[in-house]
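Tertiary structure, described
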Amino acid sequence: MSGRFISLEGGEGVGKSTQVRRLAEALRARGIDVIETREPGGSAGAEAIRRLLLEGAGDRWTAPTEALLFAAARADHVARTIGPAVTAGKWVLSDRYLDSSIAYQGGADGLGEEAIRTLHGIGSGGYLPDRTLLLALPAGDAVARAAARDRDGADRIGGREDAYHARVADSFDRLAAAEPDRFRRIDAVGAPEAVTNRLIAAIADLL
Ligand code: TYD
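Model, not experiment: these values are computed from the prediction. (Residues numbered from 1 in each chain as written. Predicted model: local features only at pLDDT ≥ 70, side-chain atom pairs only at ≥ 80, totals over all residues. Heavy atoms only, no water.)

1. As for the packing of helix α2 (residues 44-54) against helix α3 (residues 63-87)
What describes two packed helices is the angle between their axes and the distance between those same axes. What counts here: A fitted line through C-alpha atoms represents every axis, and for helices the fit uses only the stretch in contact; the resulting angles, taken between N-to-C directions, go from 0 to 180 degrees. Each helix is a run of DSSP H or I of at least 4 residues and each strand a run of E of at least 2, with the numbering of both proceeding from the N terminus. Oblique is the label for any angle not covered by the other classes, which are roughly parallel (under 35 degrees), roughly antiparallel (over 145) and roughly perpendicular (65 to 115). Helix crossings fall into two classes, left-handed where the near helix is turned counterclockwise from the far one by less than a right angle and right-handed where it is turned clockwise. Contact criterion: two residues are considered in contact whenever any of their non-hydrogen atoms come within 4.5 Å of each other. Residue classes follow a fixed rule: Ala, Val, Leu, Ile, Met, Phe, Trp, Tyr, Cys and Pro count as nonpolar, while Asp, Glu, Lys and Arg count as charged, and any other residue, Gly among them, counts as polar.
Between α2 and α3, the least distance of the axes is 8 Å, while the angle of their chain directions is 160 degrees. Relative to α3, the element α2 lies roughly antiparallel. Crossing angle aside, the handedness with which α2 passes α3 is left-handed. Contact with α2, carried on its side by G45, A46, I49 and L53, involves E66, L69, F70, A72, A73, D76 and H77 of α3 and no other residues of that element. Its residues placed into classes, the contact of α2 with α3 shows seven nonpolar, two polar and two charged.

Structure follows, in structure tokens:
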């Protein structure tokens, strides 16, 4: 029996965390052993790095330092959590993975896709998901949802300007178009159960 690694991606406020939980429940109902995880984080070391990344002043890190910290967190996450689980035949669902670094640090911060992939090669052997589900909303909806969430306190990255998040969204769209075998773009509009059904349909060939 072979495990699977699925990542969910998207901008702020698209409902990723809810959908990771719902998709995990749907897979468990089919008898699959599922682990839910997230980035930055997902292992003890990566959760420690998460606090460095998301707490503190907006200018705490330079863009290259931030990219290195995300890559370091991911390396620990792959080595300690994702890799062992997939080897043991489990399915791993991750709320964000490499493509977030390509979209945020590579695209919106301007470090470039190649630099991020190089760091990923060093840190995690270039390990990629079997499928990446990109949750997409019309721009206005995402901004509205993020604004609602931000009233409860934005983190260092989520609180960046709208133009930054627009660059993130463009980068995700380009990635999805460039890797159609790995990516599925999922319409995140509608009732949560409708979105979950779209996600299940987008991994049906892996079941
Ligand atoms: P989180 O609270 O998990 O936000 P969300 O619910 O939007 O996923 O915070 C993660 C933040 O870190 C989010 O703003 C996206 C950002 N991020 C990057 O910039 N690069 C990365 O590689 C990852 C994994 C996340």
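2. So, the nonpolar core
Put simply, the test is: Joining through side-chain atoms within 4.5 Å is the link that ties buried Ala, Val, Leu, Ile, Met, Phe, Trp, Tyr and Cys residues into a set, and such a set is a nonpolar core. Each residue gets one of three labels from its accessible area relative to the maximum for its type: buried under 20%, exposed over 50%, partly exposed in between, using a 1.4 Å probe on protein chains only.
In terms of nonpolar packing, the biggest core is built from 29 residues, with I82, Y104 and V168 touching the most fellow members. Those elements that place two or more of their residues in this core are α2, α3, α4 (98-108) and α7 (162-178). Examining the composition of this core, we find that eight residues originate from one element, α3, more than from any other. In contact with I82, not counting residues within four places along its chain, are F5, H77, V92, Y97 and Y127. Grouped together as the second largest cluster of nonpolar side chains are 23 residues, I6, V20, L93 and L135 included.

3. Quick notes on the environment of I157
With respect to the helices, strands and loops of the structure, I157 is situated in the loop between α6 (139-150) and α7. Each C-alpha atom, one on I157 and one on Y104, is 8.9 Å from the other, the two residues being 53 residues apart in sequence.

4. Remarks on the pattern of salt bridges
Note the cut-off: The salt bridge criterion pairs a side-chain nitrogen of Lys or Arg with a carboxyl oxygen of Asp or Glu, the two atoms within 4 Å.
According to the stated counting rule, one finds 14 salt bridges in the structure shown. The partner of R156 in a salt bridge is E66, and the shortest N-O contact between them spans 3.0 Å. Of this pair, R156 sits in the loop between α6 and α7 while E66 sits in helix α3, placing them 90 residues apart in sequence. A residue is classified by how much of its surface remains accessible, and E66, at 2% relative accessible area, is buried. Residue E179 pairs with R117 through a salt bridge whose shortest N-O separation is 3.1 Å. Note that E179 is positioned in the loop between α7 and β5 (183-187) and R117 in helix α5 (residues 113-124), a separation of 62 residues in sequence. The class of R117 is partly exposed, set by a relative accessible area of 25%. One network of salt bridges, in which partners are shared, links D99, E113, R117, E179 and R182.

5. Here's the deal with the environment of A201
Among the secondary structure elements, A201 is positioned in helix α8 (residues 192-202). Here A201 falls in the exposed class, since its relative accessible area comes to 55%. Sequence separation between A201 and E66 is 135 residues, and the spatial gap between their C-alpha atoms is 35 Å.

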